[in-house]
Amino acid sequence: MRRYREAVLRIGQGLVDQMVAHCRADHPDEACGVIAGPVGSDSPQRFIPMVNAARSPTFYEFDSADLLRLYRDMDERDEEPVVIYHSHTATEAYPSRTDISYASEPLAHYVLVSTRQSGSVDGPYELRSFRIVDGEVTEESIDLLN
Amino acid sequence: MAVEVRIPTIMRPYTAGEKVVTAEGATLAEVIADLDARYAGISDRLIDDSGLRRFVNVYLNDEDVRFLDGLGTVISDKDSITILPAVAGG
């Protein structure tokens, strides 16, 4: 079984823009979603914004029916969640203790976007990528593709 | 009753990498006990003293068992069970 991906997230600028736009739109609540890609490719391709069922500025959770539909869709397409993203709206773009304890996709890149500086409008934001495996957080670099 | 159980990536170390396994039982609790007999330790990932763990979702066919009878949910032949950890955080 593959345990670790390479310590870099290679992702298109357009996908980054879509994540940031979603996080701004949902500010001050946390936004969340997935970018799926072909199994084993480590290449995020299909942007899937999800509803934060918690509708909270300090917590996010995919709705349970949405979660089942998402995984079935990915299965049918031979995809996996390459990126799992969510926003922090008042704190830095670093995994919280809850993020670490609930992280359950050892192969995914966990992308954190902080909208604390500019809120729902254009302006500076933070975006960082991590792997979270067995409670251990490893930050990785981001290689932006055109 | 023999049912198909879909195992999420994070629990596949228990099933030697298998994505879909078979287990038997008349209720979800029995299916989980049977799974644990075949794949020791997996039960701990699914239930604690108070029942199903809060951040693990178990579906019978298309329905979250929380909206059925939880661990007491009755299982029929040809049913399919899907386990998915919640995607959640703070």
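These numbers were taken from a predicted model, which means no experiment stands behind them.

Novice: Could you clarify how one ought to interpret the side chain of His 88 of chain A in this entry?
Specialist: Along the polypeptide, His 88 of chain A turns up in strand β5 (residues 79-88). What makes His 88 of chain A buried here is its relative accessible area of 3%. A polar contact is formed between the side chain of His 88 of chain A and the side chain of Thr 91 of chain A, at a distance of 3.5 Å. Beyond its immediate chain neighbours, meaning those up to four positions away, His 88 of chain A contacts Glu 30, Tyr 94, Ser 96, Asp 99, Leu 112, Val 113, Ser 114, Thr 115 and Arg 116 of chain A together with Gly 90 of chain B.

Novice: What is the right way to read unusual backbone geometry from this model?
Specialist: Peptide bonds are, in most cases, trans, and in most cases residues other than glycine have a negative phi. All names here are of chain A. Here His 27 and Pro 28 are connected by a cis peptide whose omega angle stands at 10°. Mapped onto the elements, Pro 28 comes out in the loop between α1 (13-26) and β2 (32-38). One non-glycine residue, Asp 42, lies in positive phi territory at about 60°. Relative to the elements of secondary structure, Asp 42 occurs in the loop between β2 and β3 (46-50). Backbone geometry places Asp 78, a non-glycine residue, at a positive phi of 55°. Among the secondary structure elements, Asp 78 is positioned in the loop between α2 (64-76) and β5. Residue classification places Asp 78 among the exposed positions, given a relative accessible area of 56%.

Novice: Please explain the interface of chain A and chain B as it appears in this structure.
Specialist: Put simply, an interface is often sized by how much accessible area is lost when its parts join up. In this complex, chain A contributes 25 residues to the contact, which on the side of chain B involves 21 residues. For the chain A and chain B pair, buried surface summed over both sides reaches about 2,000 Å², with 58% attributable to carbon and sulfur atoms. The tally of links between chain A and chain B comes to four salt bridges. Across the pair Arg 72 of chain A and Asp 62 of chain B runs a salt bridge, and its minimum N-O distance is 2.4 Å. Across the contact surface, chain A and chain B share 13 residue pairs in polar contact (both at pLDDT 80 or more).

Novice: Any chance you could explain the pattern of salt bridges here in plain terms?
Specialist: Think of it this way: side chains of opposite charge can pair up when their charged atoms draw near. Taken as a whole and judged by the stated rule, the model has 14 salt bridges over all chains. Here Asp 122 of chain A makes a salt bridge to Arg 24 of chain A, at a shortest N to O gap of 3.3 Å. In this pair, Asp 122 of chain A sits in the loop between β6 (109-114) and β7 (126-133) while Arg 24 of chain A sits in helix α1, placing the two residues 98 residues apart along the sequence. Look at Asp 122 of chain A and you get exposed, because its relative accessible area is 67%. Judged by relative accessible area, Arg 24 of chain A falls into the buried class, the value being 15%. Beyond isolated ion pairs, a larger network of salt bridges with shared partners links Asp 75 of chain A together with Arg 6 and Lys 19 of chain B.

Novice: Would you take a moment to explain the environment of Cys 32 of chain A for this structure?
Specialist: Residues and elements named next belong to chain A. As for its position among the elements, Cys 32 is in strand β2. The spatial distance from the C-alpha of Cys 32 to the C-alpha of His 88 is 9.9 Å, given a sequence separation of 56 residues. Setting aside anything within four residues of it in sequence, one finds Cys 32 in contact with His 22, Pro 49, Met 50, Val 51, Asn 52, Tyr 60, Phe 62, Tyr 85 and His 86.

Calculation notes
- Residues numbered from 1 in each chain as written.
- Chains lettered and ligands numbered in written order.
- Predicted model: local features only at pLDDT ≥ 70, side-chain atom pairs only at ≥ 80, totals over all residues.
- Heavy atoms only, no water.
- Helix = DSSP H or I, 4+ residues; strand = E, 2+ residues; numbered from the N terminus.
- Buried < 20%, exposed > 50% of the residue type's maximum accessible area, 1.4 Å probe, protein only.
- Polar contact = N/O pair within 3.5 Å; in protein donor to acceptor, adjacent residues only side chain to side chain.
- Contact = heavy atoms within 4.5 Å.
- Buried area = accessible area lost by both parts, 1.4 Å probe.
- Salt bridge = Lys/Arg side-chain N within 4 Å of Asp/Glu carboxyl O.

Scope: geometric values only; no functional claims are made or implied.
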